Amino acid sequence: MSVVVAIKPSARKRNAKVGTLVLEDGVRHVFRSREAAERWAADLSTGDGHVWVAAAHPADGSPVDCYLVSRATNAKLEAAYDKRRRRARGDRDADQRSLEGVTGGHPR
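Within each chain, residue numbers correspond to sequence positions counted from 1 in written order. Per-residue local features of the predicted model are confined to residues with pLDDT of at least 70, and side-chain atom pairs are confined, for both listing and counting, to 80 or more; whole-chain, interface and lining totals are unaffected and use all residues. Computation of side-chain values: all heavy atoms of the structure, hydrogens and water removed.

Asks: Tell me what's going on with the overall build of the protein, and back it up with residues and numbers.
Replies: The way it works is that DSSP assigns letters per residue, a run of H or I at least four long becomes a helix, a run of E at least two long becomes a strand, and they are numbered from the N terminus. When helices and strands are counted, the protein shows 4 helices and 6 strands. When the elements of the protein are put in sequence order from the N terminus, they spell out β-α-α-β-α-β-β-α-β-β. Residues counted as buried form 31% of the 108 residues belonging to the protein. Categorising residues by exposure relies on relative accessible area from a 1.4 Å probe, with only protein chains included: less than 20% of the type maximum marks a residue as buried, more than 50% marks it as exposed, and the intermediate range marks it as partly exposed.

The following block contains the structure:
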C-alpha cells in the first residue's frame, strides 16, 4: 500500500526545507506507509518550522491520501491586528492593560 502526500502552501511558507523540496521535486510525494510520511515530516521539521501530515478529508476528491501542513502565522502581524481591532471598538487606550488595578475582574 502506498500513501500519497501533497504539500500545502502553509507548509511551504513556514518551512524553508519544504519550499526547496517543492521546487526540486514537486508537491506530491509517495510513501510506503503513513508512518514513513510522518517520519519524513518530522525530519523536515528539525531546525525549521514545524510541519506535520494530516489525513485528507473523506469528501476530498483529489488523488491524495494526506497533506503536509503547518500553521503559517506571523505573531507580530496578529498582534497589530488585535490593536487595530481594539481601536475600532472605541478603546482610546489601545495598548493592552496589565492585571494591576483589577479587582473582581473589573478595572478600577
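Following the structure, the description resumes.
Asks: Describe in detail helix α3 (residues 34-45), supporting the description with residues and values.
Replies: Helix length check: α3 (12 residues) gives 17 Å between terminal C-alpha atoms against 16 Å at 1.5 Å per residue, within 8%. Buried within α3 are the following residues: Ala 36, Ala 37, Trp 40, Ala 41, Leu 44 and Ser 45. Of the surrounding secondary structure, the elements contacted by the buried residues of α3 are β1 (3-7), α2 (16-25), β2 (28-31), β3 (52-55) and β4 (66-69). One or two positions beyond α3, positive phi appears at Gly 47, with a value near 75°. Every helix has an expected span of 1.5 Å times one less than the residues it contains. Residue contacts are defined here by distance: any two heavy atoms, one from each residue, within 4.5 Å place the two residues in contact.

Asks: Any details on α2? Residues and values, ideally.
Replies: Residues of α2 that are buried include every one of Val 18, Gly 19, Leu 21 and Val 22, and no others. Viewed end-on, α2 has its buried residues packed into an arc of 160°, placing them on one side of the element. Away from its buried face, by an angle of more than 90 degrees, α2 presents the exposed residues Ala 16, Leu 23 and Glu 24. Immediately beyond the C-terminal end of α2, within one or two residues, lies Gly 26, with a positive phi of roughly 90°. Here the arc refers to the set of directions running from the helix axis out to each C-beta atom.

Asks: Report on the nonpolar core, specifying residues and quantitative values.
Replies: Membership of the largest hydrophobic core comes to 17 residues, with the highest contact counts inside it found for Val 5, Ile 7, Val 18, Trp 40, Leu 44, Val 51 and Leu 68. Contributing elements (two or more residues each) for this core: β1, α2, α3 and β4. The dominant element in this core, judged by the number of residues it contributes, is α3, at 5 residues. By convention a nonpolar core is built from buried Ala, Val, Leu, Ile, Met, Phe, Trp, Tyr and Cys residues, the set being connected through side-chain atoms within 4.5 Å. Judged by nonpolar contacts, the second largest core, of 6 residues, contains Ala 6, Ala 56, Tyr 67 and Val 69.

Asks: Could you give me a rundown of the packing of aromatic side chains, with the residues and numbers involved?
Replies: Stacked, tilted and edge-to-face are the three classes assigned to paired rings of Phe, Tyr and Trp, where Trp is represented by its six-membered ring and a pair needs centres within 6.5 Å; plane angles under 30 degrees give stacked, over 60 edge-to-face, the rest tilted. Tallied over the entire structure, the rule returns 1 aromatic pair. The aromatic ring of Tyr 67 is capped on one face by Lys 8, whose charged end is 4.4 Å from the ring centroid. Either the NZ atom of lysine or the CZ atom of arginine qualifies as a charge over a ring when it sits within 6 Å of the ring centre and within 35 degrees of the ring normal.

Asks: Lay out the pattern of salt bridges in plain terms, naming residues and giving numbers.
Replies: Salt bridge, as applied in this entry: a Lys or Arg side-chain nitrogen positioned within 4 Å of an Asp or Glu carboxyl oxygen. By the definition in use, this model includes 1 salt bridge. For Arg 34, the salt bridge is made with Glu 38, and the minimal N-O distance between the two is 2.9 Å. Remark: Glu 38 and Arg 34 occur in helix α3; sequence separation between them is 4 residues, near one turn of the helix. Looking at Arg 34, the relative accessible area reads 29%, which means it is partly exposed.

Interpretation in functional terms is not warranted from these geometric data alone.
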